[in-house]
Amino acid sequence: MWLLDCYVFGYKCAKLPMKQLNLWMIVATLAVNSGGCAAHNGVSKKQNIPKQERPVVKDATREELLDKYNAFASSMKSLSATVELKTTAGSKYSGLIQEYHEVKAFLLAARPANVRMVGQAPVIGKTIFDMASDGKEFRVWLPTKNKFLAGEVALERNSDKPLENLRPQHLLDALLWPEIRKAETVLLEEFNDEDSRFYVLTVLRGGYSTEIFRKIWFDRADLNVVRLQSYGPKGLLLSDVRFSDWQPLTDSSAGLPTAAIGPQAFPRALRIDRPHDDYRLDLQVSKIDLNLNLNADRFELMQPANSDLVRVNTAADSKQPGRDSHP
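Notes on the structure follow. Computed from a predicted model, the values in this text were never measured in an experiment.

Brief notes about the pairing of strand 8 (residues 186–192)
- Bridging between strand 8 and strand 9 (residues 197–205) involves seven bridges; their strand directions are antiparallel. Looking at strand 9, one finds that glutamate 190 is bridged to tyrosine 199.
- Hairpin geometry of strand 8 and strand 9 is characterised by an intervening segment of four residues between the two adjacent antiparallel strands.

So, the environment of proline 233
- Tracing the backbone through its elements, the reader meets proline 233 in the loop between strand 11 (225–231) and strand 12 (237–248).
- Placed 21 residues apart in sequence, proline 233 and isoleucine 212 show a C-alpha to C-alpha distance of 8.4 Å.
- For proline 233, the contacting residues outside a window of four places in its chain are Arg205 and Glu211.

Some details on the nonpolar core
- Within the largest apolar cluster, 56 residues are counted, with the highest numbers of intra-cluster contacts made by Tyr69, Leu79, Leu85, Leu171, Trp177, Ile216 and Val225.
- With six residues, the single largest contributor to this core is strand 16 (residues 279–290).
- In contact with leucine 79, other than residues within four places in its own chain, are Leu107, Leu108, Ala109, Leu175, Phe266, Ile288, Asp289, Leu290 and Leu294.
- Counting residues in hydrophobic clusters, the runner-up holds six residues, among them Trp141, Phe148, Ala150 and Leu309.

Overview of the packing of aromatic side chains
- Overall, the coordinates contain nine aromatic pairs when judged by the stated rule.
- Summarising the aromatic geometry, the rings of tyrosine 69 and tryptophan 177 are spaced 5.3 Å apart at their centres and angled 10° between planes, so their arrangement reads as stacked. Linking tyrosine 69 in helix 3 (residues 62–75) with tryptophan 177 in the loop between helix 4 (169–175) and strand 8, this pair joins segments that are 108 residues apart in sequence. Comparing tyrosine 69 with tryptophan 177, the two get one shared label, buried.
- Among the aromatic side chains, those forming a connected cluster through ring pairs are Tyr69, Phe72, Trp177, Phe243, Trp246 and Phe266.

Criteria and cut-off values
Residues numbered from 1 in each chain as written. Predicted model: local features only at pLDDT ≥ 70, side-chain atom pairs only at ≥ 80, totals over all residues. Heavy atoms only, no water. Pairing = 2+ DSSP bridges. Helix = DSSP H or I, 4+ residues; strand = E, 2+ residues; numbered from the N terminus. Contact = heavy atoms within 4.5 Å. Core = buried A, V, L, I, M, F, W, Y, C linked by side-chain atoms within 4.5 Å. Buried < 20%, exposed > 50% of the residue type's maximum accessible area, 1.4 Å probe, protein only. Phe/Tyr/Trp six-rings, centres within 6.5 Å; stacked < 30°, edge-to-face > 60°.

Structure (structure tokens):
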């Protein structure tokens, strides 16, 4: 039928004057390039998505999301994990991106503010870094540089060497989430892109002027938290943490679900972006235990003898030879 229509169209074109014929030839060319005669060219495309392939979208209220977040946060008392760690320093904006070899890291965290992480080179087990924080002071030991960095958590000063901006307390909020208090103002919104749909809780900070304090992203496919963003004054994005591969947890001693002692699931992949510190950490969790009794001495990090002590503060760094173990 399509061929017959086109034949008739061509026959009619042969009887037209030259000017009209040229016009008709232009129309015919456009019709052919569109897939056939204009009368039979479609203007829309329909795609039926089978029911089993349609993404699941769950609904939740603001209160339900707050309860889910706070239930996880309040049930996390401590954490002991073995992770594969990849560190990336720099960015397009700084003009240099440097990716470091993946290392095996041992991670400890306990409320209220204790955290420690030791990174070792694969196979040989040589320590690449050792860092700890008690919420007031941080300490970072870099054996390859023979540097021992120490300073107050609240008085960070960015180094022009991004790797020296690594701070143990940056891990703390990513692992042991702070609860949202009832007195805090929290907004709820939806966010959709071409692949997924999300709920976003925005926690506001009061004072002289209201500012964004934290954003919590929930994937509506399963209502798991997939992103935590923390902001400083004037909208400064301090930390952007992404979570994926949530897996069920079991009590390692009995092989039982942890419903009675802690969270039922934990993300096995974390990405911690610190845009103003100019580095990123990618963690792949291979082993994890929650809510163990961790002794305080496991978080102690002493300055090694003969190492260079670097005091990190708002002024220029002060360097001293390692003459004592308590900077």
